[in-house]
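Descriptive structure summary
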Amino acid sequence: MRLRSLLFVPGDRPERMVKAAALDADALILDLEDSVAPGAKAAAREAIAAFLSEPRPRALFVRINPLDSGLAADDLAAVLPGRPDGIVLPKAEGAASLAALDAMLSGDIRILPIATETPAAIFALGSYGGVTPRLCGLTWGAEDLPAAIGAATSREADGSYTAPYQLARSLTLFGAHAAGVPAIETVYPDFRDLDGLAAYAARGRRDGFTGMMAIHPSQVPVINAAFTPSAEERDHAQRIVELFAANPGAGALQMDGRMVDAPHLKAARAVLALAAD
Ligand code: COA
Ligand code: MG
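The following paragraphs examine the structure supplied in this document.

Calculation criteria
- Residues numbered from 1 in each chain as written.
- Chains lettered and ligands numbered in written order.
- Predicted model: local features only at pLDDT ≥ 70, side-chain atom pairs only at ≥ 80, totals over all residues.
- Heavy atoms only, no water.
- Salt bridge = Lys/Arg side-chain N within 4 Å of Asp/Glu carboxyl O.
- Helix = DSSP H or I, 4+ residues; strand = E, 2+ residues; numbered from the N terminus.
- Buried < 20%, exposed > 50% of the residue type's maximum accessible area, 1.4 Å probe, protein only.
- Pairing = 2+ DSSP bridges.
- Contact = heavy atoms within 4.5 Å.
- Axes fitted to C-alpha atoms, helices over the stretch in contact; angles between N-to-C directions.
- Donors = N, O, S within 2.8 Å, 3.2 Å for Na, K, Ca; no water.
- Near = heavy atom within 4 Å.
- Polar contact = N/O pair within 3.5 Å; in protein donor to acceptor, adjacent residues only side chain to side chain.
- Areas by Shrake-Rupley, 256 points an atom, 1.4 Å probe, with all protein chains shown as cover.
- Nonpolar A, V, L, I, M, F, W, Y, C, P; charged D, E, K, R; others polar.
- Expected span 1.5 Å × (residues − 1).
- Arc of directions from axis to C-beta.
- Phe/Tyr/Trp six-rings, centres within 6.5 Å; stacked < 30°, edge-to-face > 60°.

A full pass over the atoms with the stated rule returns 17 salt bridges. Between arginine 63 and glutamate 33 there is a salt bridge whose closest N-O contact spans 3.3 Å. Here glutamate 33 lies in the loop between strand S2 (27-31) and helix H2 (41-52) and arginine 63 lies in strand S3 (residues 59-63), a separation of 30 residues in the sequence. Comparing arginine 63 with glutamate 33, the two get one shared label, buried. A salt bridge links arginine 134 to aspartate 102, with the nearest nitrogen and oxygen atoms 2.7 Å apart. Taken together, the residues arginine 134 in the loop between helix H5 (119-122) and strand S6 (138-139) and aspartate 102 in helix H4 (residues 95-104) connect sequence positions 32 residues apart. Arginine 134 gets classed as buried once you look at its relative accessible area, which sits at 13%. Linked by salt bridges that have partners in common, Asp31, Glu33, Asp34, Arg63, Lys91 and Asp144 make up one network.

A separate point is the sheet that holds strand S4 (residues 86-89). Judged by pairing direction, the sheet is parallel, and its eight strands sit side by side in the order S5-S4-S3-S2-S1-S8-S7-S6 without closing on themselves. Looking along the sheet, the strands with just one partner apiece sit at the ends: strand S5 (110-113) and S6. Pairing of S6 with strand S7 (residues 183-185), which is carried by two bridges, proceeds in the parallel orientation. The residue of S7 that forms the bridge with threonine 139 is isoleucine 184. Packing against the sheet, helix H9 (residues 219-226) makes contact with strand S1 (5-10) and strand S8 (211-214), and its axis sits at approximately 175° to S8.

Coordination sphere of the magnesium ion (ligand 2), protein contribution only: Asp34 (OD) and Asp144 (OD), at 1.9 to 2.2 Å. One end of the pair, aspartate 34, is in the loop between S2 and H2; the other, aspartate 144, is in helix H6 (residues 144-149), with 110 residues separating them in the sequence. The class of aspartate 34 is partly exposed, set by a relative accessible area of 47%.

The full set close to ligand 1 counts 15 residues, and Phe8, Arg16, Lys19, Ile215 and His216 are the nearest of them. At a separation of 2.9 Å, an oxygen atom of ligand 1 approaches a polar side-chain atom of lysine 19. Protein chains bury 62% of the 900 Å² of accessible surface belonging to ligand 1 in isolation. At four residues, the largest contribution of residues to the shell around ligand 1 is made by S1. Along the lines of polarity and charge, the residues of the shell around ligand 1 split into eight nonpolar, two polar and five charged.

Look at helix H10 (residues 231-246): 22 Å from first C-alpha to last across 16 residues, which is about the 22 Å you get at 1.5 Å a residue. Residues Ala237, Ile240, Leu243 and Phe244 constitute the buried set of H10. Angularly, the buried residues of H10 cover 120° about the axis, an arc narrow enough to put them on a single face. Exposed and facing more than 90 degrees away from the buried side of H10 are Asp235, Ala245 and Ala246. If you follow the buried residues of H10, they end up packed against strand S9 (253-255), strand S10 (258-260) and helix H11 (262-276).

Moving on: the packing of aromatic side chains. Inspection of the entire model under this criterion finds three aromatic pairs. Their ring planes at 70° and their centres at 6.3 Å tell us that tyrosine 161 and tyrosine 200 sit as a pair that is edge-to-face. A residue pair is termed long-range when its members are at least 10 positions apart, and tyrosine 161 in the loop between H6 and helix H7 (163-179) and tyrosine 200 in helix H8 (residues 194-207) qualify at 39 residues. Of the two residues, tyrosine 161 and tyrosine 200, both sit in the buried class.

This is the structure we're talking about:
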């Protein structure tokens with residue numbers, strides 16, 4: 001399943017689900033958690049269940065409430081009959097929470113944990129591998145953790161993350177790759193700033209993220225472009241692959257006056273795989 005862009009839609013806004021389904025996002029995340037007020041949870045469950053029963057032009061994930069919220073069982077009971085493509089698990093805390101959700105699912109339903117929303121979650125970021133083949137990626141959030149630890153903000157004056165949240169982002173990146181699944185960037189809340197989004201997403205791709213969550217329709221094309229290899233990148237990768245194919249048995253070669261060896265070949269193959277998706 002290709003996951004470049006995943007667009008959040010509040011579960012109590014069925015008209016927005018219809019709009020979102022017409023966009024070019026790889027997946028929608030129909031939300032039952034933070035974007036839905038406590039009094040609206042029941043109606044949101046019904047709206048999502050109804051939407052899941054319609055023909056599906058793209059992958060549909062549902063973000064349930066946290067496993068310890070007292071709401072998750074009712075969330076799952078409402079949405080699982082509609083066979084969502086995946087469940088987004090907020091406040092995930094590593095292997096134990098992944099296994100717990102896995103045990104509540106049957107059939108071909110993926111799990112995407114949001115893996116940095118509690119203090120304990122940070123220490124479990126290396127534990128997601130080998131638990132279940134349902135794991136389809138790992139993502140992170142910078143909104144809940146500051147509140148949980150009494151921090152004033154997760155951001156510097158210029159909008160960049162403070163050191164604790166850069167650490168959470170980096171550990172998510174390595175935790176995802178250690179588990180052998182895609183690393184998915186968190187949302188960019190300032191949805192009117194598309195240049196800032198493009199720059200942020202480009203840094204994510206540079207660092208090894210292969211997709212990103214969105215909150216607004218205008219963010220989807222920007223994110224798709226950022227996580228799709230450009231023609232130049234594809235050509236460069238193709239040349240590296242061809243160079244090694246033309247020199248079987250060679251470990252290190254030169255291209256354009258620079259050394260290329262095994263990691264470059266691996267990276268080039270990854271670019272071509274991303275481009276082929
Ligand atoms: N999905 C689908 N459509 C959306 C949308 C979304 N996430 N966000 C906005 N739209 C639509 C609006 O319905 C509107 O459509 P219209 O032009 O046909 O009326 C259009 O896009 C423009 O919306 P805009 O006025 O720019 O935004 P807003 O002020 O109405 O909404 C948010 C802003 C942030 C509340 C909204 O984007 C949103 O709900 N995002 C998702 C929030 C969420 O799920 N958060 C949880 C994860 S962090
Ligand atoms: Mg949250």
